[in-house]
Amino acid sequence: MNNLGYCHAIEEWMGIDIPPRAQALRVFFNEMHRILDHCVCLGPGLVDLGALTNLWYLFNIRELGYELIENACGSRLTTSYLRVGGLTRDVPSDFYKKAKTFLKESPKNLTDVRRLIERNRIFVERTRDIGVVSKEDAMAWGYTGPCARASGINYDVRKVRPYSGYENYEFDVPLGDRGDAHDRYMVRIEEMVQSLRIMQQVLDNLPEGAASTDDPRAFIPPKHETYDNIEALMNHFKLIYEGIRVPKGDWYSFTEAANGELGFYCVSDGSGNPYRVKVRPPCFAICQSIEKIAVGHMIPGPDGDRRKLMNIIAGELDR
Amino acid sequence: MDGEPITIRKLRERFGGEVLDVQRRPGDDAVTLKRGRIPDIARFLRDDPELRYGYLMDICGVDYLDLEIQPRFAVIYHLYSLEHGHRIRLKVPLDETDAELDSVVPVWDGANWFEREAFDMFGIKFRGHPFLRRILTHHQFVGHPLRKDYDHGKRQLCTEVWDLEFE
């Protein structure tokens, strides 16, 4: 998902066209990671409220997702499946089977969680009207993503400025109206449902074709060409030794990551290494407001019920 | 000036003396400004009914030392208007000897940590910031790690325990 943000930033600046199959698979895995991220937010968040069982149900989904991405790119947690210009490789032949299992099993787990939680008095009392963030505050603090939408801000980069072909899929953007922890939970649950909907649409209409661009500026040529063709060989060397040479300039590009707008402000000096890349992580903006929101609440409040349902990722803070 | 995006047009009308340069690219417009009246400009951009830049997405510093651009530093603001869907990037060049400008925390609360980060990484001072202290590096740290002349192989250990206070 973060890969997508950075690849998109480079591709947008260089004007590289991505083949439809690669776009569709990117959307598929992006939405899958959105679901996995929300599982990690909600699972441990609910454990902090004493609702342990949900963790196993939600991590069932996560395990299925790990299998799927491991199958495609070889690693489970620190995945790197995307490259500037497309994907590292096409999905393996048993992808369809595994993807169908994911789409079949995930809703069951999700339903189990919802049945356990949504009419549970302890959950409702510990989240309703806790950690309320008004629409105005959310905007002033720079909230984006599910936390902003829980406060009623209708902002989703996938709708506002579609990338990777998001305009071709039908999905709804859930909004909350109170901006409390309960709304943040509900928005995330609904986003998972919508993500599953998008994944199903991708799978139903997955185009055939290449999984990466043949643009020589960005992508290493196929092996047989590297061996038989001098230009391809040189191109291969250039790309390996110098990296992708990005034209001079500065630009800002953004995508909708699981927690909000993930922006990349890049300054390029025209070489194969970036001169300056500033990551705009969604959690950095959200985390700074906790100090203000926590005032007047009990300690288990900010830490358990609220911090988790805001989903602060430490890696996004110090990068 | 016809065909200019409304933000740039209004900035020229209202703060003509402050605009140094305009860079136009669809969806990624940028305006270079003098540092003097940044909070006024920020307030104007936020409150003007035709602009309403309610979102401050990002503040970051850039060190142009290796690109040999003068002045050496710049502070970059990314703004977004939810109501109108506009985006604008503000660039404020800053001289090395006098890398200071006014804070925009009074305009957008969310500027707080972003300005602290720019201070920590580049040593740019934001006047009027409520709590301008290092945010990512520790309290014994010397220098500013994202400056291009910082020796990135240097290791700085934190040897003293510091009383954590509620920031």
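You'll find the structure just up there.
Scoring rules and cut-offs
- Residues numbered from 1 in each chain as written.
- Chains lettered and ligands numbered in written order.
- Predicted model: local features only at pLDDT ≥ 70, side-chain atom pairs only at ≥ 80, totals over all residues.
- Heavy atoms only, no water.
- Helix = DSSP H or I, 4+ residues; strand = E, 2+ residues; numbered from the N terminus.
- Buried < 20%, exposed > 50% of the residue type's maximum accessible area, 1.4 Å probe, protein only.
- Contact = heavy atoms within 4.5 Å.
- Areas by Shrake-Rupley, 256 points an atom, 1.4 Å probe, with all protein chains shown as cover.
- Lys, Arg positive; Asp, Glu negative; His and termini not counted.
- Charge placed at Lys NZ, Arg CZ, Asp CG, Glu CD.
- Patch = residues over 30% accessible without salt bridge, like charges linked within 9 Å, V, L, I, M, F, W, Y side chains within 5 Å.
- Salt bridge = Lys/Arg side-chain N within 4 Å of Asp/Glu carboxyl O.
- Core = buried A, V, L, I, M, F, W, Y, C linked by side-chain atoms within 4.5 Å.
- Axes fitted to C-alpha atoms, helices over the stretch in contact; angles between N-to-C directions.
- Parallel < 35°, antiparallel > 145°, perpendicular 65-115°, else oblique.
- Left-handed = near helix turned anticlockwise from the far one by under 90°.

**Q** Could you give me a rundown of the overall build of chain B, with the residues and numbers involved?
**A** A count of helices and strands for chain B gives three helices and seven strands. Overall, chain B is about 60 × 40 × 25 Å in size when its C-alpha atoms are taken along their principal axes. When each of the 167 residues of chain B is scored for burial, the buried share is 49%. Relative to all contacts within chain B whose residues are 6 or more apart in sequence, the contacts with residues 24 or more apart total 49%. Of the accessible surface of chain B, which amounts to about 8,300 Å², a share of 48% is contributed by carbon and sulfur atoms. Taking the average place of the 25 positive charges on the side chains of chain B and the average place of its 31 negative ones, the gap between the two points comes to 2 Å.

**Q** If you had to explain a nonpolar patch on the surface to someone new, which residues and values would you point to?
**A** Among the surface-exposed residues, Ile-220, Ile-230, Leu-233, Met-234, Phe-237, Ile-240 and Tyr-241 of chain A lie close enough to one another that they form a single nonpolar patch of about 730 Å² accessible area. The topology assignment puts Ile-220 of chain A in the loop between helix H9 (181-204) and helix H10 (223-228).

**Q** Which residues make up the nonpolar core, and what values do they have?
**A** Counting residues in hydrophobic clusters, the biggest one holds 134 residues, and the most contacted among them are Phe-29, Phe-95 and Tyr-143 of chain A together with Tyr-77 of chain B. For this core, the element with the highest residue contribution is helix H2 (residues 20-48) of chain A, accounting for 13 residues.

**Q** Could you give me a rundown of the packing of helix H4 (residues 95-117) of chain A against H9 of chain A, with the residues and numbers involved?
**A** All names here are of chain A. The N-to-C vectors of H4 and H9 enclose an angle of 160°; their axes lie 11 Å apart at closest approach. Comparing their axes, H9 and H4 come out roughly antiparallel. H9 is crossed by H4, and the crossing has left-handed handedness. In this structure, H4 contributes Phe-95, Tyr-96, Ala-99, Lys-100, Phe-102, Leu-103, Ser-106, Pro-107, Leu-110, Val-113, Arg-114 and Ile-117 to the contact, and H9 contributes Tyr-185, Ile-189, Glu-190, Met-192, Val-193, Leu-196, Met-199, Gln-200 and Leu-203.

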